[in-house]
Each structure stands twice: as structure tokens, then as C-alpha cells.
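# Close look at the chain arrangement
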Amino acid sequence: MIKTVQFENISTADLVVDAIYESSSDGQLSGEPISKLLPGSGNMGGFRVSGRGGRKNWVVLFTTGEDRDWPDSLDLNTGKFIYFGDNKTPGHELHDTRAGGNKVLRHAFAMLHDDVSPRVDVSPFFIFKKHQIKNRVRSVQFKGLAVPGFPGLSATEDLVAVWKSTDGQRFQNYRSTFTILDAPVVSRAWVADLAAGNANTTNAPKAWQDWVTTGIYNPLVAEPTTVIRSVEQQTPNTPLKASILECVWTHFQDTPIAFEAFAARIYQMTDSRVIIDEITRGTIDGGRDAIGRYLLGLPDDPVYAEFSLEAKCYRPPINGVAPNTVGVKEVSRLISRIRHRQFGVLVTTSLIAKQAYEEVREDRHPILFISGRDVAEILIANGFNTVERVAALLASEFQV
């Protein structure tokens with residue numbers, strides 16, 4: 001059971017990874033928990049800082065997880081946390097924001113890569129996510145202690161200014177990459193040290209101390225206890241994702257043969273190293289499969305892993321209608337086409353049936369599943385974050 005800290009106990013509580021911190025029951029802003037848990041942080045916005053000047057006592061990064069244009073994300077398997085800055089509308093320069101969040105990011109990453117004394121003036125970042133519970137709508141969940149950067153990322157990759165456009169107006173915002181450190185608990189004693197301006201004390205988590213002194217990241221890695229995703233995990237979990245998936249399904253349902261090229265595009269959106277070589281007409285069921293390669297080596301000395309992609313435009317689990325799931329027969333067909341040192345990709349608008357999922361994972365077949373919810377999330381992450389944008393993409397590039 002997830003640890004839950006009641007509102008009246010927040011001010012003396014430690015920060016425990018994945019614990020829920022309740023808000024007051026009246027729903028008022030004054031009952032927001034972060035400001036009580038970390039006094040001086042404020043009770044509004046995505047960036048909440050304590051301390052003055054460039055060196056902050058700490059920085060709180062709060063995410064709702066619901067921003068379709070700027071989808072913050074946490075990879076539990078690696079500890080990588082992606083957070084977008086606060087210049088989210090046109091009309092302002094990259095660092096000209098009300099809360100000054102992008103200036104905070106610029107300073108933190110500059111100190112990370114400082115030539116003279118790297119990391120010394122970097123403030124700890126505390127990550128919180130919105131977690132509504134009944135009668136306590138402002139409750140939050142603590143996701144961990146984070147530091148800027150990630151193992152293997154260079155100084156040109158961990159803080160990137162990306163362009164977006166709204167109503168024909170272009171503007172920039174930061175995409176920052178952090179590492180959630182292996183610090184299951186942040187003690188109240190260290191919070192007190194931080195409030196006094198002393199970050200590097202004996203109360204600091206060991207993972208923080210090691211990173212400050214050596215630069216070595218010790219991420220909080222949480223390997224999944226199961227690799228078989230449930231129906232719920234494959235089903236769109238927001239109205240937006242359901243609407244986007246319905247748009248895709250409606251577009252291809254009468255001409256499923258056209259879905260294969262789109263499925264290949266979806267997989268390509270997941271990683272720039274995916275290369276689609278050919279869409280080949282099937283010889284049995286009239287469908288199409290994509291054949292491609294995944295780049296493993298350097299561009300001037302490439303090593304490739306070949307893959308075969310199967311696409312199934314099946315009825316998705318939306319609008320209360322039972323889905324047409326991908327079963328053992330369809331998965332077995334893909335497995336039979338994989339040769340030595342190849343892998344398979346199956347993309348569907350629906351779900352992978354439990355038995356098919358179990359057989360693939362238990363027999364360790366190299367198959368990657370992309371289900372209906374994944375399709376919607378991949379589109380959103382690539383900027384197709386409204387039904388209108390998805391419809392425009394389908395109409396322009398995937399005519400049926």
C-alpha cells in the first residue's frame with residue numbers, strides 16, 4: 001500500500017519516494033501540501049524555489065502530467081526525468097518568464113558543466129506530481145530527488161531549447177533532462193540544513209554526496225516486476241488519448257491495408273535510430289509489413305539490427321465497446337518471420353491479449369509491442385497533440 005501522509009503531519013514529515021502528501025480537505029490554495037512540506041517554496045506553479053540569488057536552497061519541479069504540449073515524463077526503468085521549462089506561450093524570449101523557471105534551468109545546467117568547480121553550486125531538485133484523492137484535490141506524490149543531467153548525455157543534449165508554434169507564432173522553451181537519484185528518503189534534517197543554506201552535510205543522501213564530489217550518477221532504477229501489461233495499461237487513460245486513438249481507428253478501419261505505413265511511421269517516431277527500408281505487400285492476408293533497421297553503431301561505422309514490423313488495425317477499447325485484441329495467432333506469424341539476430345515490432349490500434357503477451361515474454365522472443373494507448377502517447381509526444389493535428393497528418397500523408 002502506498003504511504004500517505006496526512007495534511008496535519010506534513011510539516012514534520014520526511015520526503016519518501018512515491019509517498020502521497022495530502023492537501024487540506026477544503027480545496028483552498030492555502031492547503032496546498034508542498035508549501036507546508038518545504039516552507040518557502042510557494043504554493044503555485046511548476047517552478048517553486050527557496051532562497052535568493054543564483055544558488056537556491058532547493059528547487060521544486062511540480063508537474064501535473066497532463067500538459068499535452070509539454071509532456072513531462074519519468075522513466076522508472078532508468079531514472080531519467082524530462083521536464084519542460086515555463087515559456088509555454090508565444091510573445092516572450094526564452095528566459096523572459098514570470099516565475100523565472102528557465103533562468104533556474106540555465107543556471108543549474110551551467111553549473112553542472114562549469115570548468116572550474118562543476119556541480120558545487122547546483123541546488124537539489126525535488127520532483128512532485130499531481131495526485132488527486134477524494135476530497136483532497138491538491139494532494140501530490142513525491143517522485144524523488146533529482147540532479148541535472150543524465151549518464152551518457154553531453155552538455156549539448158541535456159538542456160535543449162526546442163521550437164514550438166501556436167497560431168502561426170514561433171517560440172522556444174527548454175527541454176531539460178534530470179536524473180532521479182537513488183535516495184529513497186530525504187530526511188527532515190537535511191531539509192533543515194538546506195533551509196539554512198548548507199546542502200553538503202552529513203544529513204545529505206549518499207547519492208547526492210557522491211554526485212557532488214565525483215559527478216557519478218547513481219539513478220533510482222526500478223525494474224518492473226512484470227513485463228506483461230494489463231488491459232488497463234494498454235488502454236488510453238485520458239479523454240485526449242482516447243479521442244486521438246479513435247481518430248486513427250476511424251481513418252483506417254475501412255482500409256486497414258493503409259494502416260501499415262502509418263504503423264511504421266509510429267515506430268519511427270519513437271527513436272531517430274529507426275530506419276524504415278520498405279513497406280512490403282503481404283502474401284497471405286493482404287496486409288503490409290514494414291522491414292527496417294535499427295542503428296546500433298556510429299553513423300560513419302554503422303552496425304544495424306534488422307526488424308520486421310507487423311501492423312494490426314483492430315477495433316480499440318474506446319467508447320465502451322469491447323476491443324478486437326491481437327492474439328496468439330497474429331503474434332506467432334510475426335515470430336515465424338524473424339530470422340537470427342532480428343527482432344519484431346507489432347503495432348496495433350487495440351490490445352495484445354494476455355496469453356499472447358505471456359507466451360512472447362516467457363519464451364523471450366524479441367518482440368516489441370505498441371498498443372493503442374502507446375500510439376496515442378507517441379503522437380502526443382511528437383507534437384500531434386490534438387485530434388485536429390492528428391487528422392491533418394492522416395489526411396495529408398496517409399490517404400485511404
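A brief structural summary. All residue numbers here refer to positions counted from 1 along the written sequence of the relevant chain. In keeping with the predicted nature of the model, local features appear solely for residues at pLDDT of at least 70, side-chain atom pairs appear and are counted solely at 80 or more, and the whole-chain, interface and lining totals rest on all residues. With hydrogens and water set aside, each side-chain value is computed from the structure's full complement of heavy atoms.

Taken together, the five bridges between strand S5 (residues 58-63) and strand S8 (residues 125-130) define a ladder with parallel strand orientation. Bridge assignment links Leu61 to a residue of S8, and that residue is Ile127. A pair of strands is labelled paired if DSSP reports no fewer than 2 bridges between them. Where helices and strands are cited, they refer to DSSP runs of H or I of at least four residues and of E of at least two residues respectively, numbered from the N terminus. Pairing geometry for S8 and strand S9 (residues 140-148), over six bridges, is antiparallel. Paired with Lys129 across the strands is Gln141, a residue of S9.

The next thing to look at is helix H11 (residues 387-397). Here the term buried applies to any residue with accessible area under 20% of the maximum for its type, exposed to any over 50%, and partly exposed to those in between, with areas from a 1.4 Å probe on protein chains only. Within the sequence span of H11, burial applies to Val390, Leu393 and Leu394. One face of H11 carries all of its buried residues, which in axial projection span an arc of 95°. Counted as exposed and oriented over 90 degrees from the buried face of H11: Glu388 and Ser396. The secondary structure elements touched by the buried residues of H11 are helix H6 (239-252), helix H7 (259-269) and helix H10 (372-381). By arc we mean the arc of the directions from the helix axis to the C-beta atoms, nothing more. Two residues form a contact once any of their heavy atoms are found within 4.5 Å.

The axes used here are C-alpha line fits, helices contributing only the stretch in contact, and every angle between their N-to-C directions lies in the interval 0 to 180 degrees. In the contact formed by H6 and H10, the axes pass within 9 Å of each other and the chain directions differ by 100°. The angle between the axes of H6 and H10 places the two elements in the roughly perpendicular class. Residues Leu240, Lys241, Ile244, Leu245 and Val248 of H6 pack against Gly372, Arg373, Ala376, Glu377, Leu379 and Ile380 of H10. Here the residues of the contact of H6 with H10 sort into seven nonpolar, one polar and three charged. Put simply, angles under 35 degrees are roughly parallel, angles over 145 are roughly antiparallel, angles from 65 to 115 are roughly perpendicular, and the rest are oblique. Residues are grouped as follows: nonpolar covers Ala, Val, Leu, Ile, Met, Phe, Trp, Tyr, Cys and Pro; charged covers Asp, Glu, Lys and Arg; every other residue, Gly included, is treated as polar.

So, about the layout of surface pockets. The calculated volume of the second largest pocket comes to roughly 440 Å³. In terms of lining residues, the second largest pocket is bounded by 28 residues, among which Gly45, Gly46, Phe62, Thr63 and Thr64 are the most central. Those elements that provide at least two residues to the lining of the second largest pocket are strand S4 (47-50), S5 and strand S7 (80-84). Its residues assigned to classes, the lining of the second largest pocket shows 11 nonpolar, eight polar and nine charged. The rule is simple: put a 1 Å grid over the protein atoms alone, call a set of points where a 1.4 Å probe fits but cannot get out a cavity, call an open set with protein on both sides within 12 Å along at least five of seven lines a pocket, and count a residue as lining if it has an atom within 4 Å of a point. Grid points are joined across faces, edges and corners, and a volume is the space filled by probe spheres set on the points.

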